[in-house]
Amino acid sequence: MNSDEPLWEIFIRSKQGLDHKHVGSLHAADAKMAIENARDVYTRRMEGVSIWAVESKNIHASNPDDAASMYDPANDKVYRHPTFYDLPDELKHM
Amino acid sequence: MQDETGLLETFDDKVAKEIKIEPRDWMPENYRKNLIRQISQHAHSEIVGMLPEGNWITRAPSLRRKATLIAKVQDEAGHGLYLYSAAETMGITREEMVDQLLTGKAKYSSIFNYPTLTWADIGAIGWLVDGAAIMNQVPLCRTSYGPYARAMIRVCKEESFHQRQGFEILLTLCRGSNEQKDMAQDALNRWWWPSLMMFGPNDDNSPHTAQSMKWKIKRFTNDELRQKFVDICTEQAKILGLTIPDPELKWNDEKKHYDFGEINWDEFWKVVNGDGPCNSERLAARVKAHEDGKWVREAASAYAEKRNRNN
Ligand SMILES: [Fe+2]
Ligand SMILES: [Fe+2]
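About the thresholds
Residues numbered from 1 in each chain as written. Chains lettered and ligands numbered in written order. Predicted model: local features only at pLDDT ≥ 70, side-chain atom pairs only at ≥ 80, totals over all residues. Heavy atoms only, no water. Helix = DSSP H or I, 4+ residues; strand = E, 2+ residues; numbered from the N terminus. Rg over C-alpha atoms; globule rule 2.2 N^0.38 Å. Buried < 20%, exposed > 50% of the residue type's maximum accessible area, 1.4 Å probe, protein only. Contact = heavy atoms within 4.5 Å. Areas by Shrake-Rupley, 256 points an atom, 1.4 Å probe, with all protein chains shown as cover. Donors = N, O, S within 2.8 Å, 3.2 Å for Na, K, Ca; no water. Tetrahedral: all angles 85-135°; square planar, octahedral: opposite > 155°, others 65-115°.

Trainee: What's the story with the overall build of chain B in this structure? I'm lost.
Mentor: Of the regular secondary structure elements, chain B holds 13 helices and 2 strands. Against the globule reference of 19 Å for 311 residues, chain B gives a C-alpha radius of gyration of 21 Å, in line with a compact fold. If one aligns the C-alpha atoms of chain B with their principal axes, the spans along those axes are about 70 × 60 × 35 Å. Taking all 311 residues of chain B together, the buried fraction comes to 52%. Once local pairs closer than 6 in sequence are excluded, the contacts in chain B between residues at least 24 apart make up 76%. In the form shown here, chain B has an accessible surface area of approximately 15,400 Å², with 54% of it arising from carbon and sulfur atoms.

This is the structure we're talking about:
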């Protein structure tokens, strides 16, 4: 492994119809080799049907210290959830 | 922005509530240091652990055994990679870790400094060494650091076949000729004690345990896990019809556990400190592999660079 081999984040779709999910990271010289390495490392037991490799430096993350101010506003908006609404039991198909 | 005490309180609170710590979260410097040491040692163990078994790939007794052994050794390479990646999220680079291993600065599990003399050793390694590793690793799936816990879940999923294939090798030998059964017994005789040493020093001699338990980096103490291992393996040995090489091994009806003899701690520390039967051989093999791979790494970089220029 060379210091100029960038780090890649690997995402795998485990089967058609599901989202790609982050599974880990690896180093590779380019995207093609990142995907080939990801196949060898993360799909030895048919764990996936599709691989995404994203160079780690291209991922922008929210700051965990901001979690309070970022997500607090969602806290008092329970009316966004279906269970907030009071409806009679005899109401069907809703 | 909180001050240090506030941050530490938030951190302790998360750990107490079983909320995972993630890479960008604030963490105490010692937590980071301790985990980097633990995870990288663990990664090195997976990588060096390929060597004793790799020794038998070309001499496996059948195609089925050969294919299985290749798959197992390949898994161990993967485990090393998952763990190196998890350690990298804490701010150490891969090169630093590889360097620590190759210069002999870093430790890896001492068990891999013992030689694999016969085919039965491959069975004993799967049964006992992977067995002990699983015993250590299953609780680590709940370790407090997110990337480490996720890596361990993946590792544990893959480990179970490792132990089963080892037991199957021994079972086959034990049901074979007298010579084959003797070979299995001989392997058990040589691997039993080093396997018990895999759990580390006794609790009262293990400087990191208390803090690691508090931080939930570790979930059980060395002695707790070792006891569990002895209890389970003693029963499993009966199925093989093999004798565990410990005259003091005896069921203790009061404790509901097996009592067992004292580990040779002189041998343990000797091997840890570099003086085991294969320490220098293992390290030399890793250094050679790294140097022999240099042209491949260079070619990959040159190829990537060329393609980038043409894009
Ligand atoms: Fe492993
Ligand atoms: Fe294993």
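Trainee: Any chance you could explain the coordination of the iron ion (ligand 2) here in plain terms?
Mentor: Note on metal sites: the ideal angle is 109.5 degrees for four tetrahedral donors, and 90 or 180 degrees for six octahedral donors. Residue and element names in this part refer to chain B. Bound to the iron ion (ligand 2) are the protein donor atoms Glu76 (OE), Asp130 (OD), Glu159 (OE), Glu159 (OE) and His162 (ND1), situated 2.0 to 2.7 Å from the metal. The metal-metal distance between the iron ion (ligand 2) and the iron ion (ligand 1) is 3.4 Å, with glutamate 76 coordinating both. One end of the pair, glutamate 76, is in helix α4 (residues 63-88); the other, histidine 162, is in helix α7 (residues 146-174), and 86 residues separate them in sequence. The exposure class assigned to histidine 162 is buried, which follows from its relative accessible area of 0%.

Trainee: Please explain the coordination of the iron ion (ligand 1) as it appears in this structure.
Mentor: Residues and elements named next belong to chain B. The protein atoms that coordinate the iron ion (ligand 1) are Glu46 (OE), Glu76 (OE), His79 (ND1) and Glu159 (OE), at distances of 2.1 to 2.3 Å. Around the iron ion (ligand 1) sit 4 donor atoms; with metal-centred angles ranging over 81 to 160°, the donor geometry is irregular. Residue glutamate 76 is classed as buried on the basis of its relative accessible area of 5%.

Everything listed here is a matter of coordinates, which is why it stays silent on function.
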